[in-house]
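Descriptive analysis of the structure
What follows is each chain in one-letter form.
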Amino acid sequence: MQLIKSILAFIGVIAILAIVAVFFKAQSVLAGFDPEARATYANIAQVLLETGNPAEATVWKAQVRDGLTFDDVDQAIGSIAAAMNIKDVGALPLGDQVSAMEGKPWRKLKIYLYCNPLTAAQMIDYSDAFSAYLPCRIALLQDKTGKLWIYTINMDLLIYGGKPLPPALKEEALKVKKVMQAILTDGANGEF
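Residue positions are counted from 1 within each chain, in the order its sequence is given. In keeping with the predicted nature of the model, local features appear solely for residues at pLDDT of at least 70, side-chain atom pairs appear and are counted solely at 80 or more, and the whole-chain, interface and lining totals rest on all residues. Just so you know, side-chain values use all the structure's heavy atoms and leave hydrogens and water out.

Moving on, we come to the packing of helix H4 (residues 70–83) against helix H8 (residues 167–188). At their nearest, the axes of H4 and H8 sit 9 Å apart, and the two run at 145 degrees to each other. For the pair H4 and H8, the crossing hand works out as right-handed. For the pair formed by H4 and H8, the contact residues are Val73, Ala76, Ile77, Ile80 and Ala81 on the first element and Ala182, Ile183, Asp186 and Gly187 on the second. Each residue gets one label: Ala, Val, Leu, Ile, Met, Phe, Trp, Tyr, Cys and Pro are nonpolar, Asp, Glu, Lys and Arg are charged, and the others, such as Gly, are polar. Its residues placed into classes, the contact of H4 with H8 shows 7 nonpolar, 1 polar and 1 charged. For helices, the axis comes from a line fit to the C-alpha atoms of the stretch in contact; other axes are also lines fit to C-alpha atoms, and the angle between any two N-to-C directions lies between 0 and 180 degrees. Only DSSP runs of H or I with at least four residues qualify as helices, and only runs of E with at least two residues qualify as strands; both kinds are numbered from the N terminus onward. Handedness of a helix crossing follows the sense of rotation of the near helix relative to the far helix, less than a right angle counterclockwise being left-handed and clockwise being right-handed. Note on contacts: a residue pair qualifies if any of its non-hydrogen atoms lie within 4.5 Å across the two residues.

Below you can see the structure in the form of C-alpha cells.
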C-alpha cells in the first residue's frame, strides 16, 4: 500500500510541475502578444464556458429593438454603412433562398458584405490568412421565436489576439471595427 501511495505522490508532483511549466510557457508566449490579448481571450473563454458554443463566443450580437421590422433594419444597415463610407460588396438573402429551395417559409436571414478595400489589402499584406475573414459580414437574422438580431464577427480576436499589429494597420482595423459596431448597435435601434 505504501508503494501505491508513493507512486501516486510522484505522479502528483509531476502533474504539478507540468502545470507550472505550461503556465510559465504561456506567460512567455503571451508576453509578445498585444497588451489586450489576455482580456480578449478571457472574454471569449467566458462566453464559451457559459454557452458551450464557439460561434457564440466569437461574435458580437445585438437584439433589434421591438417594433422594428426586418425591412426597417435592412434599410438602417444600408444607410449606416453608406454614411460611414464602407463599401457594400454584396448581400446574400439566405433566408429567401432556403424558403425557395424548401418550398415553404423559413426565417428571415440576410448576410451583408462590407469592405474597405485598402484596409483589406493592408491586412492581407500583413498575413494572407486574414483573407479568410474578408469581407466583413453583418447578419440580420430572425430567430426561432421571431425576434430579430444583428450579428457580426468579434474583431477583437483579429486585432488584439496575437502579436501587436503594426500601428498604421491597427489604426485602420480599429476604424473598421468602429463601423461594424455602429452598424450592429445603430442598426438594432433602426437609426439611419
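Now, onward.
A few words on helix H6 (residues 117–126). Throughout, exposure labels follow a simple rule: accessible area from a 1.4 Å probe, protein chains only, divided by the maximum for the residue type, with under 20% read as buried, over 50% as exposed, and the rest as partly exposed. Looking at H6, one finds that the buried residues are Thr119, Ala120 and Met123. Buried residues of H6 fall within an arc of 100 degrees about the axis and therefore sit on the same side. Seen from the buried face of H6, the exposed residues on the opposite side, beyond 90 degrees, are Leu118 and Asp125. Here a polar contact means two N or O atoms within 3.5 Å. Within protein one must be a hydrogen donor candidate and the other an acceptor candidate, and residues neighboring in sequence count only if both atoms are side-chain atoms. A distance of 3.1 Å separates the backbone nitrogen of Leu118 from a side-chain oxygen at the start of H6, and that oxygen is part of Asn116. Arc definition: directions from the helix axis to the C-beta atoms.

This part takes up the packing of aromatic side chains. Within 6.5 Å between ring centres, the rings of Phe, Tyr and Trp (the latter by its six-membered ring) count as paired, and their orientation is classed by plane angle as stacked under 30 degrees, edge-to-face over 60, tilted in between. One pass over the structure, following the stated rule, counts 2 aromatic pairs. Consider the rings of Tyr112 and Tyr114, whose centres lie 6.5 Å apart with planes at 5 degrees: the pair is stacked. Under the relative-accessibility criterion, Tyr112 is labelled buried at 4%. Judged by relative accessible area, Tyr114 falls into the buried class, the value being 1%. Consider the rings of Tyr126 and Phe130, whose centres lie 6.2 Å apart with planes at 45 degrees: the pair is tilted.

In this section: the pattern of salt bridges. One speaks of a salt bridge when a side-chain nitrogen belonging to Lys or Arg is within 4 Å of a carboxyl oxygen belonging to Asp or Glu. For the structure on display, the rule yields 7 salt bridges. In this structure, Lys110 engages Asp74 in a salt bridge whose closest nitrogen and oxygen atoms are separated by 2.9 Å. With Lys110 in strand S3 (residues 109–115) and Asp74 in helix H4, this pair connects stretches of sequence that are 36 residues apart. One salt bridge connects Lys175 with Glu172, and the closest N-O pair in it is separated by 3.1 Å.

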